[in-house]
Amino acid sequence: MFSPDDTIVAIATPPGRGGLGVIRISGPDALTVASAVITRRAPLVPRQATFTRTRIGSGGDPRQAADTVIVTSFPAPRSYTGQDVVEVSAHGSPVILRAIIGAAVGAGARLARPGEFTLRAFLNGKLDLVQAEAVGDLIAAATPLQARVAFDQLEGTLTRRIATLDAELFDLIVKLEASLDFPDEGYHFIEPASIATSLGRVAKQLDTLLGDAERGRMIRDGAVVVIAGRTNVGKSSLFNYLSGSDRAIVTDVPGTTRDLITEPLEVEGLALTLVDTAGIRDALDIVEREGVARGARAREVADLVIVVLDGSSPLTQDDDELLERTSDVARVVVLNKADRGVTLELPGALAVSATRGDGVPDLRLRIHAVLTGDEPLRDTAAISNLRHISLLRDARTLVESARLAAIEATPEEFLLVDLQAARAHFDEIVGARTPDDVLRQIFERFCIGK
Ligand SMILES: Nc1nc2c(ncn2[C@@H]2O[C@H](COP(=O)(O)OP(=O)(O)OP(=O)(O)O)[C@@H](O)[C@H]2O)c(=O)[nH]1
Ligand SMILES: [Mg+2]
């Protein structure tokens, strides 16, 4: 699947109509393929936009998909993929774009698979794996903060931090291996104590990186926030108010909501998925029972539960049970219908009115605070991707094990095994030694044309 030897073509702009539509061609025959779809005969000047026309036709009609286009060539290796690349900007008409693609395929190009341009950039050393993943994240970003974190990774922030740690391990490995060349006992080129100090430093830096990871993951992937409560307390009203929509049906009939309803939401730069659930009670019928069960499952996967109570009436048994069941998860308790006067007393609970919006700004701040641990969101979480997080955790364990071995002056061979394994984890993050199936998974998540 990773053969980079043929020439690929795809539409690089989103599907649908637009002012412009860009087609990207990459591979050894990119220039030949491009010249088959345009009227210009003279060679393209590298990196210079050239105005020309399409030359596409079938059945002897050369004007079948006529358009004026701007063509730019990027000869290897100074291109996105590192291969010869030609970009054709046409008007953003699906008919024209499809015709150009068809003509390019007729001239020998193959349709690109998802992420294949970025994959080629990676295989040609234009980007490391962290940066290739960052391209995907940047394109997918839904909030400015997500875009910022992705761009930092594209610029190489994480790569550089890993390279520093890797260099430190490499240095130790060289000294340990040199010691091994001496048959008699003892460390010859470096004292066990200074190895332990060195490794302690590496472990501490890994801790700092990993300390940011949960926050980074939340920024990248968003958090799931589930609204729960008994029937008729105003969950759907709150859902609609927070999401600025009227997605959820609101009535005074208890048991109105019977399924999960989700809306994307942004709170202080944090991307959330807000979930409304069916009200908790002894369900009247099979549909409602299923709705309540789905609500319970949603609570289990939530990063945060908003427990909604009716602040204008006494707690019921359903309220008590829900408070009990959510006592050990991240939650915010809300006393709704505050416009009717709050009679409930519950320490730490926030009074709001879902119909009038009173207290909702405070609720948003509280949601943010609980999710991010009250820490202000600095915009430089170096690490945000689960794949990176789990590899770094494993590397941290290996470094620690080598550090303990050094303290006990264990023979060099044992330390070497751990340190080499730790470096292999670093390599896998940046893609120097990443199994093909992992690469496949990463690039398949991209859209076609990227
Ligand atoms: N006065 C007042 N009424 C509210 C408030 N929030 C919701 N209500 C009313 O309470 C009733 C129930 O609201 P919903 O949002 O449908 O309640 P729910 O918790 O989603 O109910 P189910 O889906 O049946 O579980 C509706 O008549 C709302 O207009 C509020 O803040 N103040
Ligand atoms: Mg509802």
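Cut-offs applied
- Residues numbered from 1 in each chain as written.
- Chains lettered and ligands numbered in written order.
- Predicted model: local features only at pLDDT ≥ 70, side-chain atom pairs only at ≥ 80, totals over all residues.
- Heavy atoms only, no water.
- Donors = N, O, S within 2.8 Å, 3.2 Å for Na, K, Ca; no water.
- Helix = DSSP H or I, 4+ residues; strand = E, 2+ residues; numbered from the N terminus.
- Buried < 20%, exposed > 50% of the residue type's maximum accessible area, 1.4 Å probe, protein only.
- Contact = heavy atoms within 4.5 Å.
- Core = buried A, V, L, I, M, F, W, Y, C linked by side-chain atoms within 4.5 Å.
- Near = heavy atom within 4 Å.
- Polar contact = N/O pair within 3.5 Å; in protein donor to acceptor, adjacent residues only side chain to side chain.
- Nonpolar A, V, L, I, M, F, W, Y, C, P; charged D, E, K, R; others polar.
- Pairing = 2+ DSSP bridges.
- Phe/Tyr/Trp six-rings, centres within 6.5 Å; stacked < 30°, edge-to-face > 60°.
- Lys NZ or Arg CZ within 6 Å of the ring centre and 35° of its normal.
- Salt bridge = Lys/Arg side-chain N within 4 Å of Asp/Glu carboxyl O.

## Thoughts on the coordination of the magnesium ion (ligand 2)
Right, so step 1: Within the first shell, the magnesium ion (ligand 2) binds the protein through S236 (OG) and T257 (OG1), at distances of 2.0 Å. One end of the pair, S236, is in helix α9 (residues 235–243); the other, T257, is in the loop between α9 and β8 (261–267), and 21 residues separate them in sequence.

## Quick look at α9
Right, so step 1: The element α9 is extensively covered by neighbouring structure, given that eight of its nine residues are classed as buried.
Right, so step 2: Inspection of α9 places K235, S236, S237, L238, F239, N240, L242 and S243 among the buried residues, and these make up the whole buried set.
Right, so step 3: In this fold, the buried residues of α9 make contact with β7 (223–228), β8, β9 (270–276), β10 (304–310) and α12 (360–372).

## Regarding the nonpolar core
Right, so step 1: Among the nonpolar cores identified, the biggest contains 36 residues, and L169, I195, L199, L392, V399, L419 and F426 are the most heavily contacted of them.
Right, so step 2: Secondary structure elements with two or more residues in this core: α6 (157–180), α7 (192–211), α13 (386–407) and α14 (412–430).

## Some details on the site of ligand 1
Right, so step 1: Around ligand 1, the surrounding shell holds 23 residues, and the nearest of these are K235, S236, S237, G255 and D339.
Right, so step 2: Between an oxygen atom of ligand 1 and a main-chain N or O atom of N232, the distance comes to 3.0 Å.
Right, so step 3: Here a nitrogen atom of ligand 1 sits 3.1 Å away from a polar atom, N or O, in the side chain of N336.
Right, so step 4: Looking at which element gives the most residues to the shell around ligand 1, the answer is α9, with three residues.
Right, so step 5: Looking at the shell around ligand 1, its residues break down into five nonpolar, 13 polar and five charged.

## With respect to the sheet that holds strand β6 (residues 110–111)
Right, so step 1: Judged by pairing direction, the sheet is mixed, and its six strands sit side by side in the order β3-β4-β5-β2-β1-β6 without closing on themselves. Both outer strands of the open sheet, β3 (50–53) and β6, are each paired with one neighbouring strand and no more.
Right, so step 2: In this sheet, strand β5 (residues 85–92) lies alongside strand β4 (residues 68–74) in antiparallel orientation, the contact comprising five bridges. Across the sheet, residue T72 finds its bridge partner in β5, namely E87.

## Some thoughts on the packing of aromatic side chains
Right, so step 1: Counted by the stated rule, this structure contains two aromatic pairs.
Right, so step 2: Ring geometry for F122 and F443: centres 6.2 Å apart, planes at 35°, overall tilted. You can see F122 sitting in helix α3 (residues 116–123) and its partner F443 sitting in helix α15 (residues 436–444), a full 321 residues away along the chain. Residue F122 shares its accessibility class with F443, and that shared class is buried.
Right, so step 3: Residues F443 and F446 carry aromatic rings whose centres are separated by 5.6 Å and whose planes lie at 25° to one another, so their mutual orientation is stacked.
Right, so step 4: For F446, a relative accessible area of 9% translates into the label buried.
Right, so step 5: Feature note: the residues F122, F443 and F446 constitute an aromatic cluster, connected by ring pairs.
Right, so step 6: Sitting over the ring of F117, R24 keeps its end group 4.8 Å from the ring centre.

## A look at the pattern of salt bridges
Right, so step 1: Using the criterion set out here, one finds 27 salt bridges in the structure.
Right, so step 2: Of the charged contacts in the structure, one is a salt bridge between R110 and D6, with a shortest N-O distance of 2.6 Å. You can see R110 sitting in strand β6 and its partner D6 sitting in the segment before β1 (8–11), a full 104 residues away along the chain.
Right, so step 3: Since its relative accessible area comes to 23%, R110 is described here as partly exposed.
Right, so step 4: Note that R325 and E321 form a salt bridge whose closest N and O atoms lie 3.3 Å from each other. In this pair, R325 and E321 both sit in helix α11 (residues 317–325), four residues apart, roughly one turn of the helix.

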